Structures are given as structure tokens and as C-alpha cells.
Amino acid sequence: MTLIKVDKKTGLQYRPDLGELHVIREQSQYQKLDFEGRTVMDVGANIGSFVHLAGKHGAKMIWAYEPMPPTFNLLATNVARMANDTCDFECNKVALIGGQEPRVDFYLSKTYPSCHTTVPVRGREQISVEARNFWDTLHQNRPQILKVDIEGGEYDFMFEETLPPYVEQVAIELHMKNEAQQELAKKLTLQFEEWHSHRKFRFNWHVTTLVLHRQKESELGRVKEWISSL
């Protein structure tokens, strides 16, 4: 049986042997997002760390998507503990993808559930999970804040459309485990050149996180100011 602990700072349940305390701690990178009174869509919700952050800082509605059954169960447990009168929550045990297939293969990390992905990885165990089209879901929910952290799966759909005006803020983790993904990350960043960056991002071998606002000025200015470094 997997050991479950409770993080004293957030009250979130997590599995210490699976690196989930680190996932809780890394939410500080999203602190510049303005959640107050806004709707939020969390793609790759994991155990609910970002959901907790958004709810704590005043979000009024949060849609969370996590396809891995054991992780989803922990997400649902954590969200139930967050329930309050000012924010509504909806948890969905589904992967969001670019196509219309009802199911998709999910490739499992041997060590950390937060590294499971829809991107094929040689040698990994795979399971079939329920899937839903990302853009259909986005247009249905019409969130003001979008967060995406799906281990490279972002490239499956982010080039298909431009984010509509109702999306005011974006947090997206770009994964760059090989040269092809590095080029995709740069291409995706160029789509946000007129947005404002809340934190300096840089491109390296593994990962970088974009935290962006469509309107709000920040200490770092527009994304296009950083594009020259690509």
C-alpha cells in the first residue's frame, strides 16, 4: 500500500515516495497569476497543487483534468478538502488532446507520476485513458486563466488554434527533452510575443515555464523582448 502523508503547509495529501512534495513546492512559480474572481482551467492537475493555489487566492471556478486513476483519486480527495463557498471545483479523469479520439495511450514514468505523458516513450508501460479534445473543452469552459503541464503533450494541440480573447493569463510548462522539442518550445513561445511575462524564462535541455498575462505590465515586459535570446 502506498504511503500517504499530509503537507503541513497546504493540507494537501501526497505520496512521499513519488516526488509529490516537490510538485507542491514548485507552485511558487505561479504566484504572479491574478486568480481573484477568475475562472481557471488546469490541464495536468496531478494531485491538485495548482488547484489549491488558485482556490486559496480567490478563483471562483476551477476545472481540473488528470487522467491517471490513482493520481486522480488523490486529486479528488484533496479537492474535497478544499471545498468552500467562494469557489466551485470540477475534477475530470480525462486527458486533453489535439484529436477527437475517445481514448489515448498514456506512457507511465517508472519513478514519478508527474512525469506520465501522452508522448510515446520507448520502454515505458502504457495504459489507455479517456480523452477529450483540448480546444472543444477550452471553448466550453471559457476560462480566464489556463495552466498546462502535461510533459510534452502541449505540442499535440497548442499550434492548432490561437488562444481566444477570454483567456487572459497563461501558465504553460514547456518540455525540451530533445532537439525536436526544443524547437517546438521556441515556436510556441513566439505565439505569445505580445503577451507580458511575469518571470524570466530560459531555454535549456529539460524544461522552462512561461507565466504570461495578456494585458498586465510586469517587471520583465513583453515576451518579444526575450525572443532575441531564442
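Rules used throughout
Per chain, residues are indexed from 1 in the order of the written sequence. Given that the model is predicted, a residue must reach a pLDDT of at least 70 before its local features are reported, and side-chain atom pairs must reach 80 or more before they are shown or counted; all residues, however, enter totals for whole chains, interfaces and linings. Working from all heavy atoms in the structure, the side-chain values ignore hydrogens and water. Pairing between strands is defined by DSSP: at least two bridges between them are needed. Helix and strand assignments follow DSSP, with helices taken as H or I runs no shorter than four residues and strands as E runs no shorter than two, numbered in order from the N terminus. The contact rule is simple, with two residues in contact once any of their heavy atoms fall within 4.5 Å. Between N-to-C directions, angles cover 0 to 180 degrees, with each direction set by a line fitted to C-alpha atoms, over the stretch in contact for helices. Patch construction takes residues with relative accessible area above 30% that form no salt bridge. Like charges are linked within 9 Å, and nonpolar side chains (Val, Leu, Ile, Met, Phe, Trp, Tyr) are linked within 5 Å. To measure how exposed things are, a 1.4 Å probe is used in the Shrake-Rupley method; for residues, cover is taken only from the protein chains shown. Salt bridge criterion: a side-chain nitrogen from Lys or Arg within 4 Å of a carboxyl oxygen from Asp or Glu. Neither His nor the chain ends contribute to the count of charged residues, in which Lys and Arg are positive and Asp and Glu negative. Throughout, a charge is located at the NZ atom of Lys, the CZ atom of Arg, the CG atom of Asp or the CD atom of Glu. Between buried and exposed lies partly exposed: a residue is buried under 20% and exposed over 50% of the maximum accessible area for its type, with that area taken using a 1.4 Å probe on protein chains only. The definition of a nonpolar core used throughout is a set of buried Ala, Val, Leu, Ile, Met, Phe, Trp, Tyr and Cys residues joined through side-chain atoms within 4.5 Å. By construction, the arc corresponds to the directions joining the helix axis to the C-beta atoms. Polar contacts here mean pairs of N or O atoms no more than 3.5 Å apart (in protein, one a potential hydrogen donor and the other a potential acceptor; neighbouring residues in sequence count only if both atoms are side-chain atoms). Only Phe, Tyr and Trp rings take part, Trp by its six-membered ring, and two of them pair if their centres are within 6.5 Å. Stacked means planes under 30 degrees apart, edge-to-face means over 60, and tilted covers everything else.

## Things to note about the sheet that holds strand 9 (residues 145-148)
One key point about sheets: their strands pair by backbone hydrogen bonds, in either a parallel or an antiparallel sense. Reading across the sheet, the seven strands line up as 5-4-3-9-10-12-11 and stay open at both edges, with mixed pairing between neighbours. Among the strands making up the open sheet, the edge pair consists of strand 5 (88-92) and strand 11 (196-197). Where strand 9 and strand 10 (residues 169-175) come together, four bridges link them in parallel fashion. Paired with V148 across the bridge in strand 10 is I172. On the sheet, helix 3 (residues 69-82) packs against strand 4 (61-65) and strand 5 and is oriented at approximately 170° with respect to strand 5. Against the sheet, helix 4 (residues 134-141) touches strand 3 (39-43), strand 4 and strand 9, its axis set at about 165° to strand 3.

## Quick look at a negative patch on the surface
There is a patch of like negative charges on the surface, built from E101, D136, D156, E160 and E161. The class of E160 is partly exposed, set by a relative accessible area of 45%.

## Thoughts on the nonpolar core
Counting residues in hydrophobic clusters, the biggest one holds 34 residues, and the most contacted among them are F134, L138, L146, L163 and F192. If you list the elements that add at least two residues to this core, you get strand 3, strand 4, helix 4, strand 9, strand 10, helix 5 (179-190), strand 12 (207-213) and helix 6 (224-227). Among the nonpolar cores identified, the runner-up in size contains 25 residues, and I47, F50, L74 and C87 belong to it.

## Some thoughts on helix 4
Those residues of helix 4 that sit buried are F134, W135, T137, L138 and N141. The buried side chains of helix 4 occupy one side of the element, clustering within an arc of 160° when seen end-on. On its buried side, helix 4 packs onto strand 3, strand 4, strand 6 (95-97), strand 8 (126-133) and strand 9. For helix 4, the side-chain oxygen to backbone nitrogen distance between the N-cap and W135 is 3.0 Å, and the N-cap itself is N133. Phi turns positive, to about 55°, at R142, one or two residues after helix 4.

## Concerning the pairing of strand 9
Residues of strand 9 alternate between two faces, with I145 and K147 on one and L146 and V148 on the opposite face, all of them buried. The pairing of strand 3 with strand 9 spans four bridges and is classified as parallel. Within the sheet, the bridge partner assigned to V40 lies in strand 9 and is I145.

## Section: the packing of aromatic side chains
Using the criterion set out here, one finds six aromatic pairs in the structure. Where F35 meets F50, the ring centres are 5.6 Å apart and the plane angle is 70°; that geometry is what we call edge-to-face. Residue F35 is found in the loop between helix 1 (20-25) and strand 3, and its partner F50 is found in helix 2 (residues 49-56); the two are separated by 15 residues along the sequence. Given the relative accessible area of 2%, F35 is considered buried. Owing to a relative accessible area of 1%, F50 belongs among the buried residues under this scheme. Aromatic side chains Y155 and F159 sit 6.5 Å apart centroid to centroid with 15° between the ring planes, which places their arrangement in the stacked category. Looking at Y155, the relative accessible area reads 12%, which means it is buried. You can call F159 partly exposed: its relative accessible area is 24%. An aromatic cluster is defined as three or more aromatic residues linked by ring pairs; in this entry it consists of Y30, F35 and F50.

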